[in-house]
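If you want the building blocks of each chain, they are given just below.
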Amino acid sequence: MSGNGDLLQQLIAVEEIKQLKARYFRLLDTKRWEEWGQVFTTDVRMEVPEAAVELDGRAAVVDNVSAALAGTQTVHHGHMPEIEITGPDTARGTWAMYDFVEWPPDADGNRVGLNGYGHYFEEYRVEDGAWRIARTRLVRIRVDPI
Amino acid sequence: MSGNGDLLQQLIAVEEIKQLKARYFRLLDTKRWEEWGQVFTTDVRMEVPEAAVELDGRAAVVDNVSAALAGTQTVHHGHMPEIEITGPDTARGTWAMYDFVEWPPDADGNRVGLNGYGHYFEEYRVEDGAWRIARTRLVRIRVDPI
Amino acid sequence: MSGNGDLLQQLIAVEEIKQLKARYFRLLDTKRWEEWGQVFTTDVRMEVPEAAVELDGRAAVVDNVSAALAGTQTVHHGHMPEIEITGPDTARGTWAMYDFVEWPPDADGNRVGLNGYGHYFEEYRVEDGAWRIARTRLVRIRVDPI
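Overview of the structure. Remember, predicted model here, so these are calculated numbers, not experimental data.

### Things to note about the overall build of chain A
No. 1: Looking only at helices and strands, one finds three helices and six strands in chain A.
No. 2: The order of α-helices and β-strands along chain A, N terminus first, is α-α-β-β-α-β-β-β-β.
No. 3: Based on the C-alpha atoms only, the size of chain A along its principal axes is roughly 65 × 30 × 25 Å.
No. 4: Buried positions account for 55% of the 146 residues belonging to chain A.

Here it is as structure tokens:
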């Protein structure tokens, strides 16, 4: 049964990581920054190459992202996860991403925002008894102004 | 093995509830109202606070939603489920939501419709041998006219 | 335990088919055509009734789709899978679909493209040790020019 038990544990881990990423999106779009920080390991690394973003550590991620999105209204959706369990406490995954970010109108009252599309490439680790995002890299396919 | 057996049953329930919500969306967008009604318990409660919608019972939900969407073309997508099994026959869940609703053009031929974004907060119950939506509350993040 | 073992194998197959479809989308949007071909059985049939598309065989699918999308930038997202395992090596499934296809601008510099919405109706089969798409039929709900 250890074979089946292992497979069951892997499936449970896959579902837990999907729910982890769901909290990442939901807490981000509702700007619940303190809870949002808990989805990351303390040593998380975040990279968004096209924006030259490289952040290390949970505090840096929360501080920078919450500042960058202050005053915005955002919608982020993830799709089509490919989660691979690589060890008892480690995994990696890919997600398709859609985001919609709108800033306050400009001085002429025009809408300012973007629709973006891309993929996340991520690593996950169990820390303090829960799966968390240990590394995340966002590569966009395209960005359209609204 | 009862531990593993229970975990397996929970994973199966999570997958069944995901497919339940998939039918909710697919049958809604293809306006198959009678089949759509079957995704709900007979005593379902539906709330959409921003529209002051509070409906009780399957018949009221089907009658009101099918009337509200008569003549429209709709697309509803759910994302990022967080399903929690709370008992052998009960569960709750959260979903991100995107919808696109278009009514017939106005008298000047202009398009009339909306793009909406939000979250569903739901409860599920096994009734007549199948998981069904027992309570659903839709909270929008934003709505944009098209 | 054979009951539980079978259920576990079915859940694993469902997850594998979800990841198969994730590769279908990711490799399509990044135009990695040779890898993309591997998501299909050699005898795959692809149908898009509204475009009068009927293609038989992996080579025909890869050749025609890669030619049709040459010069485009595309985003395809799948949602809300309903996967049913119908035998040890066979399954069928339904997916909601969103796509965004943009061609190079026209002679006047105007953007040319579409936003589409619909459903895939599919069959899957294990071939050469992996789940692959054996039949896929795309039925659109609506298409909007951009």
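On we go from here.
### Examining helix 3 (residues 58–68) of chain C
Residues and elements named next belong to chain C.
No. 1: Of the positions making up helix 3, those classed as buried are Arg58, Val61, Val62, Val65 and Ser66. The buried residues of helix 3 occupy an angular sector of 105 degrees when projected down its axis, which confines them to one face. Residues of helix 3 that are exposed and point over 90 degrees away from its buried face: Ala59, Asp63 and Ala67.

### Some words on the interface of chain B and chain A
No. 1: On the side of chain A, 27 residues touch chain B, which itself brings 21 residues to the contact.
No. 2: Of all residues in chain B, the largest losses of buried area upon contact with chain A belong to Met80(B), Glu82(B) and Arg142(B), amounting jointly to 33% of the total for that side.
No. 3: Connecting chain B to chain A are four salt bridges.
No. 4: Between Glu102(A) and Arg142(B) there is a salt bridge, with its nearest N and O atoms 2.5 Å apart.
No. 5: Linking chain B to chain A there are eight residue pairs in polar contact (both at pLDDT 80 or more).
No. 6: For the side of chain B that touches chain A, the secondary-structure elements that each account for two or more residues are helix 1 (2–29), strand 3 (73–87), strand 4 (90–103), strand 5 (112–127) and strand 6 (130–145) of chain B.
No. 7: The element best represented in the side of chain B that touches chain A is helix 1 of chain B, accounting for six residues.

### Section: the packing of aromatic side chains
Each aromatic ring pair is summarised here by two numbers: the centre-to-centre distance and the angle between the ring planes.
No. 1: Taken as a whole and assessed by the stated rule, the structure comprises 27 aromatic pairs over all chains.
No. 2: Measuring from ring centre to ring centre gives 4.9 Å for Trp36(C) and Phe40(C), while their planes differ by 85 degrees; the resulting arrangement is edge-to-face.
No. 3: Under the relative-accessibility criterion, Trp36(C) is labelled buried at 0%.
No. 4: When its relative accessible area of 0% is taken as the criterion, Phe40(C) is described as buried.
No. 5: Through pairs of rings, three or more aromatic residues link up here, namely Tyr24(A), Phe25(A), Trp33(A), Trp36(A), Phe40(A) and Tyr120(A).
No. 6: If you follow Lys21(B) out to its NZ or CZ, it ends over the ring of Tyr24(B), 3.7 Å from the centre.

### Comments concerning the relation of the copies chain B and chain C
No. 1: For the pair chain B and chain C, the superposition axis carries a translation of 0.0 Å, the fit reaches an RMSD of 0.0 Å, and the rotation angle comes to 120 degrees. A rotation of that kind, with that shift, is consistent with a three-fold axis.

### Focus on the pattern of salt bridges
Pairing is possible between side chains that carry opposite charge, provided their charged atoms lie close to one another.
No. 1: Enumeration over the complete set of coordinates arrives at 54 salt bridges over all chains.
No. 2: For Arg111(B), the salt bridge is made with Asp144(C), and the minimal N-O distance between the two is 3.8 Å. Here Arg111(B) is found in the loop between strand 4 and strand 5, whereas its partner Asp144(C) is found in strand 6 (residues 130–145) on a different chain.
No. 3: Glu47(C) is the salt-bridge partner of Arg45(C), the closest N and O atoms lying 2.6 Å from each other. Grouping residues by exposure puts Arg45(C) and Glu47(C) together as buried.
No. 4: One continuous salt-bridge network, built from bridges that share partners, spans Arg45(A), Glu47(A), Glu54(A), Asp56(A), Arg135(A) and Arg137(A).

### Structural notes on the sheet that holds strand 4 (residues 90–103) of chain C
All names here are of chain C.
No. 1: Reading across from one edge, 2-1-6-5-4-3 is the order of the six strands in this open sheet, with mixed pairing throughout. Either end of the sheet is taken by a strand with one partner, and the two such strands are strand 2 (53–56) and strand 3 (73–87). This sheet shows a mean twist of 15 degrees between the axes of neighbouring strands, independent of strand direction.
No. 2: In the packing of helix 3 onto the sheet, contacts are made with strand 1 (40–48), strand 2, strand 4, strand 5 (112–127) and strand 6, and the angle to strand 1 comes to roughly 50 degrees.

### Some remarks on the sheet that holds strand 6 (residues 130–145) of chain A
Residues and elements named next belong to chain A.
No. 1: Taken in spatial order, the six strands of this open sheet run 2-1-6-5-4-3, and their pairing is mixed. Bordering the open sheet on either side are strand 2 (53–56) and strand 3 (73–87), each of which pairs with just one other strand. The sheet shows a mean angle of 15 degrees between the axes of neighbouring strands, direction not considered.
No. 2: In this sheet, strand 6 lies alongside strand 5 (residues 112–127) in antiparallel orientation, the contact comprising 14 bridges. Among the inter-strand pairings, His119 is bridged to a residue of strand 6, identified as Val139.
No. 3: With respect to the sheet, helix 3 (residues 58–68) is in contact with strand 1 (40–48), strand 2, strand 4 (90–103), strand 5 and strand 6, its orientation differing from that of strand 1 by roughly 50 degrees.

Each value, and the rule that gives it
- Residues numbered from 1 in each chain as written.
- Chains lettered and ligands numbered in written order.
- Predicted model: local features only at pLDDT ≥ 70, side-chain atom pairs only at ≥ 80, totals over all residues.
- Heavy atoms only, no water.
- Helix = DSSP H or I, 4+ residues; strand = E, 2+ residues; numbered from the N terminus.
- Buried < 20%, exposed > 50% of the residue type's maximum accessible area, 1.4 Å probe, protein only.
- Arc of directions from axis to C-beta.
- Contact = heavy atoms within 4.5 Å.
- Buried area = accessible area lost by both parts, 1.4 Å probe.
- Salt bridge = Lys/Arg side-chain N within 4 Å of Asp/Glu carboxyl O.
- Polar contact = N/O pair within 3.5 Å; in protein donor to acceptor, adjacent residues only side chain to side chain.
- Phe/Tyr/Trp six-rings, centres within 6.5 Å; stacked < 30°, edge-to-face > 60°.
- Lys NZ or Arg CZ within 6 Å of the ring centre and 35° of its normal.
- Least-squares fit on C-alpha atoms with pLDDT ≥ 70 in both.
- Pairing = 2+ DSSP bridges.
- Axes fitted to C-alpha atoms, helices over the stretch in contact; angles between N-to-C directions.

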